[in-house]
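# Summary of the model geometry
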Amino acid sequence: MTDLSSSPVIDRHPENPVLAADDVPYHATLVFNAGVTRFQGRDVMVFRNDYGDAERKELHDTNLGLAWSDDGVRWTVEAGPTFSIRTNEVRRAYDPRLTVIDDRCYMCFAVDTRHGIRGGIAVTDDLHEFEVLSLSAPDNRNMVLFPEKIGGRFARLERPFPVYGRGAKEAFDTWFSDSPDCRYWGNTHLVLGSEQVPWANSKCGPGAPPVRTEKGWLTTFHAVTKVEDDLCSWHSGWRKVYTTGLMLLDADEPWKVIGMSRRPLLAPDPAYEYEVEGYRGSVIFPGGMILEGDGEVKIYYGAADTVECLATAHVDDLLELCRPIE
Ligand code: BMA
């Protein structure tokens, strides 16, 4: 099997997980795949909560929880969930991603609908009242917004999943689109084909929203490696390892990859996210990235589709990993 180990430049936080079901003051079972950003002077997290009966390994529904922090490590969860978009057509929203643009907080999310999976974008000024700006055509998800307009336009990464067009394989890729108003999207470009990720043999897609550095946009992506043996999971037959990759995108034409890590930045650790008694072991899914003034980068990720964790690295080390791709 390909070497799926983490880069030595990244450290898992000693207090991981930074958020788990026990921290939530309402019915919570799997708390993971959160969006995290800094908004109005505090760190804010919107997390996915799949709830049900953990002992029976049954899930009943999903909502999105809201938490705040002053240090990015200890989080206080609000009394009830936030944002809901449920209708007869839309079953649930999940995998939120947060980006602050011009002092407003935007949230990308996926929705399962009766007619496919769609990527949504909403905007809020308080994390309680949201205005939905757009919902893509199916199937699309893992959308993330860049934290600034580029050439005067909102910009996003996304992962459509063309089953027929990609030969009925899960060979899904990372794409770019932009928009004058966050409602109408176009100017679509391929960013990263899954075949360009040396350690993956399946799909890749956006992770956390990008951060600006002096060399370009630094961003994580998720990459999937299918393996032959069953992995530790609530349900048998789970054979996908989710890792986190890293790439650097051109500042002005962000569909151009300047460099990419040759190996995973974060891969499930055997004693940690891999064999954890969780929903799907061997899954790491990044959803939040904060660049501090001193160069520390905080990366928040869902682990084993069960808890939310934090890892840190120095921005210079991350930029160093991003080598030109073939
Ligand atoms: C994907 C999504 C993610 C999840 C991942 C691993 O299809 O559902 O939310 O983390 O699978 O289970």
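Scope of this entry: the structure provided in the associated data block. Values in this document were obtained by computation on a predicted structure and should not be read as measured data.

Analysis parameters
- Residues numbered from 1 in each chain as written.
- Predicted model: local features only at pLDDT ≥ 70, side-chain atom pairs only at ≥ 80, totals over all residues.
- Heavy atoms only, no water.
- Helix = DSSP H or I, 4+ residues; strand = E, 2+ residues; numbered from the N terminus.
- Rg over C-alpha atoms; globule rule 2.2 N^0.38 Å.
- Buried < 20%, exposed > 50% of the residue type's maximum accessible area, 1.4 Å probe, protein only.
- Areas by Shrake-Rupley, 256 points an atom, 1.4 Å probe, with all protein chains shown as cover.
- Lys, Arg positive; Asp, Glu negative; His and termini not counted.
- Charge placed at Lys NZ, Arg CZ, Asp CG, Glu CD.
- Pairing = 2+ DSSP bridges.
- Axes fitted to C-alpha atoms, helices over the stretch in contact; angles between N-to-C directions.
- Contact = heavy atoms within 4.5 Å.
- Near = heavy atom within 4 Å.
- Polar contact = N/O pair within 3.5 Å; in protein donor to acceptor, adjacent residues only side chain to side chain.
- Nonpolar A, V, L, I, M, F, W, Y, C, P; charged D, E, K, R; others polar.
- Core = buried A, V, L, I, M, F, W, Y, C linked by side-chain atoms within 4.5 Å.

### Side note on the overall build of the protein
Each helix and strand counted, the protein has two helices and 21 strands in total. A compact globule built from 326 residues should have a C-alpha radius of gyration of about 20 Å, and the protein, at 18 Å, falls within 12% of that. For the protein, the residues scored as buried account for 59% of the 326 residues in total. Only carbon and sulfur atoms are counted for the fraction: they give 46% of the accessible area of the protein, which is about 13,600 Å². The protein carries 34 positive and 51 negative side-chain charges, and their two centres are separated by 6 Å.

### So, the pairing of strand E12 (residues 174-179)
Where burial is concerned, most of E12 is hidden: five out of the six residues are buried. In terms of strand pairing, strand E11 (residues 154-160) meets E12 through five bridges, oriented antiparallel. Directly across from Phe154, in E12, lies its bridge partner Ser179. Hairpin connection between E12 and strand E13 (residues 186-192): a loop of six residues separates the two successive antiparallel strands, and Cys182 in this loop has a positive phi of roughly 75°.

### Let's talk about the sheet that holds strand E10 (residues 140-145)
Reading across from one edge, E10-E11-E12-E13 is the order of the four strands in this open sheet, with antiparallel pairing throughout. Pairing within the sheet leaves two strands with one partner each, and these edge strands are E10 and E13. Each neighbouring strand pair of the sheet contributes to a mean axis angle of 30°, computed without reference to strand direction. As paired strands, E10 and E11 are joined by four bridges and run antiparallel to one another. Following the sheet pairing, Asn140 is matched in E11 by Pro160.

### Here we look at the environment of Thr312
Structurally, Thr312 can be placed in strand E21 (residues 307-314). By relative accessible area, which is 16% here, Thr312 ends up buried. Setting aside its immediate chain neighbours within four residues, Thr312 contacts Val9, Ile10, Asp11, Glu296, Val297 and Lys298.

### Observations regarding the site of the ligand
In the region of the ligand, the neighbouring residues are Asn33, Arg48, Asp95, Arg141, Trp238, Tyr242, Arg280, Val283, Phe285 and Asp305. The side chain of Arg48 places a nitrogen or oxygen atom 2.8 Å from an oxygen atom of the ligand. At 2.5 Å, a side-chain N or O of Asp95 approaches an oxygen atom of the ligand. Relative to its free-state accessible area of 300 Å², the ligand is covered by the protein chains to the extent of 90%. Its residues placed into classes, the shell around the ligand shows four nonpolar, one polar and five charged.

### A few points about the nonpolar core
The biggest cluster of nonpolar side chains holds 30 residues, and the ones touching the most others in it are Phe146, Val191, Leu192, Val197, Phe221, Met247 and Leu249. Setting aside residues up to four positions removed in sequence, Phe146 forms contacts with Thr99, Ile101, Ala155, Arg156, Leu157, Phe176, Pro210, Trp217, Leu249 and Pro254.

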